[in-house]
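# Coordinates in review
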Amino acid sequence: MSNSSQLARGLTARHILFIALGSAIGTGLFYGSAKAIQMAGPAVLLAYFVGGAAVFIMMRALGEMAVRDPVSGSFSHYATKYLGPMAGFITGWTYTFEMIVVCIADVTAFGIYMKLWFPHVDQWIWALAIILVIGGINLFHVKAFGEMEFWLCLIKVLAIIAMIVGGGILLLVGTNFGYPIGISNLWEHGGFMPNGIEGVIASLAIVMFAFGGVEVIGVTSSEADNPEKSIPKAINAVPFRILFFYVFTLFILMSLFPWNEIGLAGSPFVTIFEKLGIPYAPHILNVVVIVAAVSAINSDIFGAGRVMYGMAQNKQAPSAFLRINKNGVPWVTAIVLSITLGIGVYLNYLIPKNVFVLIASIATFATVWVWLMILCSHLMMRRKMTRQEVAELKFPIPFWPIAPILTTLFMVFVVVLLGFFKETRIALYVGVVWVVLLIVAYYLFVKEK
């Protein structure tokens, strides 16, 4: 091992794009989207469009800062610089908390999926196995990591495209599902908005969680080969591609199946593949969701490790996190994160049936909090810039200042929204307690440094 503190560059625009897609398109699309559909009905498509627009503006704010100042700490560094050290400390550790929580959810999902083939093997054993494998992968050179993430993510992207195309074919040929199929299913079962605007609003918490992870693009800037070109290219592509995958996938699903039956009797994805005459459809889909989970875990550990490295540079995390191995990778953060994910192994041993829902709901608060800090940091950066500096920006945010202000207010609304619904209230409680604990930790251990 080496004590160097210089990260290796090696990520191309292709790597960065798929790292972000890998983090954002996880198990939420294959199994989590059913919950949002039950809340909003077909009008969930509107929630995804609104959420996608907000995420795009947030990403453009991050992109403007990342191209101007490509550093490893990314949004934690920007919050420190423009909002103050305590804001940076809270943002960095909240992002790390978010990634760990999401990883535990995906580690849990991995254990559940493996039960299809190995029903007698305990869930926690698979959780432990995948943590050890991913921890090892994150010690390789960043280019090797980026290449592996590209291929992992490509598999699930191709599977989603196959589902969209296959579902479209079934709609065109009028396959017999035992009930009428077609886009009329979007309004014939209680209307397009069967649960009213309240249902659409209620679904926003899950919808926003679906986009969680896209901010990892900002973290890659310090290891990108050419950040001035690769970061803008990835940021402009990712939100629209995620929106495309979610919206078109759900559009096809709700055209083929009554919206109020999706997720109640097995996976609709399996049904589509079976109707297309594809043998072993359940096993093929199981391979896809396993790859999706592994890809998301891989990307999330990468993002959390780089943010912790950047925080160590600002003396907001232990200095040991600055240690780099011969591949130019922060090895201490990879090991610490892998050990921390052992919590997921224990939860899988303790409460294997309930752990996924509990963990996924808590991650929503952390996700939106980080996005809110990105937007606030950007607003403060612009306030401190001269007209000349603004004119020299290489990747300026569109529709300034209306779009970022409206997006900031929308993110505040989503955080407050968590407290209005019983199922998401625990996320707000845990989030508030987490922030209070970080404030105390900052004054006790960091402020004097």
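Rules used throughout
Residues numbered from 1 in each chain as written. Predicted model: local features only at pLDDT ≥ 70, side-chain atom pairs only at ≥ 80, totals over all residues. Heavy atoms only, no water. Salt bridge = Lys/Arg side-chain N within 4 Å of Asp/Glu carboxyl O. Helix = DSSP H or I, 4+ residues; strand = E, 2+ residues; numbered from the N terminus. Buried < 20%, exposed > 50% of the residue type's maximum accessible area, 1.4 Å probe, protein only. Phe/Tyr/Trp six-rings, centres within 6.5 Å; stacked < 30°, edge-to-face > 60°. Lys NZ or Arg CZ within 6 Å of the ring centre and 35° of its normal. Patch = residues over 30% accessible without salt bridge, like charges linked within 9 Å, V, L, I, M, F, W, Y side chains within 5 Å. Areas by Shrake-Rupley, 256 points an atom, 1.4 Å probe, with all protein chains shown as cover. Expected span 1.5 Å × (residues − 1). 1 Å grid on protein atoms, 1.4 Å probe; cavity = no way out; pocket = protein on both sides within 12 Å on 5 of 7 lines; lining within 4 Å. Points joined across faces, edges and corners; volume = space filled by probe spheres on them. Nonpolar A, V, L, I, M, F, W, Y, C, P; charged D, E, K, R; others polar. Polar contact = N/O pair within 3.5 Å; in protein donor to acceptor, adjacent residues only side chain to side chain. Contact = heavy atoms within 4.5 Å.

## Some remarks on the pattern of salt bridges
In the structure shown here, the tally under the stated rule is 3 salt bridges. Residue Arg382 is joined to Glu64 by a salt bridge in which the shortest nitrogen-to-oxygen separation is 2.8 Å. With Arg382 in helix H15 (residues 355-384) and Glu64 in helix H3 (residues 44-68), the pair connects residues that are 318 residues apart, well separated along the chain. Overall, the relative accessible area of 9% leaves Arg382 in the buried class. Asp69 is the salt-bridge partner of Lys81, the closest N and O atoms lying 3.5 Å from each other. With Lys81 in helix H4 (residues 75-83) and Asp69 in the loop between H3 and H4, this residue pair connects regions lying 12 residues apart in the sequence. Using a relative accessible area of 18% as the deciding quantity, one classes Asp69 as buried.

## A look at the packing of aromatic side chains
This model, assessed by the stated rule, comprises 12 aromatic pairs. Aromatic side chains Tyr48 and Phe211 sit 6.3 Å apart centroid to centroid with 55° between the ring planes, which places their arrangement in the tilted category. Taken together, the residues span a long stretch of sequence, with Tyr48 in helix H3 and Phe211 in the loop between helix H8 (196-210) and helix H9 (216-220) at a distance of 163 residues. Taking NZ or CZ as reference, Arg382 lies 4.6 Å from the ring centre of Trp400, over its face.

## Details of a nonpolar patch on the surface
There is a patch of nonpolar side chains on the surface, built from Leu46, Ile183, Trp187, Phe192, Met193 and Ile197 and spanning about 540 Å² of accessible area. Inspection of the secondary structure puts Leu46 in helix H3. Leu46 gets classed as partly exposed once you look at its relative accessible area, which sits at 38%.

## Examining helix H7 (residues 142-173)
For H7, with 32 residues, the first-to-last C-alpha span of 46 Å sits near the 46 Å given by 1.5 Å per residue. Gly174, located one to two residues past H7, shows a positive phi value of around 70°.

## What to know about empty space enclosed by the protein
Overall, the coordinates contain 2 cavities of 30 Å³ or more when judged by the stated rule. Looking at the second largest cavity, the residues that line it are Met99, Ile100, Cys103, Asp300, Ile301, Ala304, Leu337 and Leu341. When residues of the lining of the second largest cavity are traced back to their parent elements, those giving at least two are helix H5 (85-114) and helix H12 (281-313). Its residues placed into classes, the lining of the second largest cavity shows 7 nonpolar, no polar and 1 charged.

## Quick look at the side chain of Ser76
Looking at the element boundaries, Ser76 is found in helix H4. Polar contacts involving the side chain of Ser76 include one to the main-chain carbonyl oxygen of Gly88, which spans 3.1 Å. Leave out the neighbours within four places in its chain, and Ser76 touches Gly88, Thr91, Gly92, Val307, Met311 and Gln316.

## Focus on unusual backbone geometry
Geometrically, the link from Trp400 to Pro401 is a cis peptide bond, its omega value of 0° lying close to zero. Along the chain, the position of Pro401 falls in the loop between helix H16 (387-391) and helix H17 (402-417). Backbone geometry places Lys315, a non-glycine residue, at a positive phi of 60°. For Lys315, the location among the structural elements is in the loop between H12 and helix H13 (331-340). For Phe399, which is not glycine, the phi torsion reads 60° and is therefore positive. Within the fold, Phe399 resides in the loop between H16 and H17. Relative accessible area serves as the criterion here: at 66%, Phe399 is assigned to the exposed category.

Bear in mind that shape data such as this cannot, by itself, settle questions of function.
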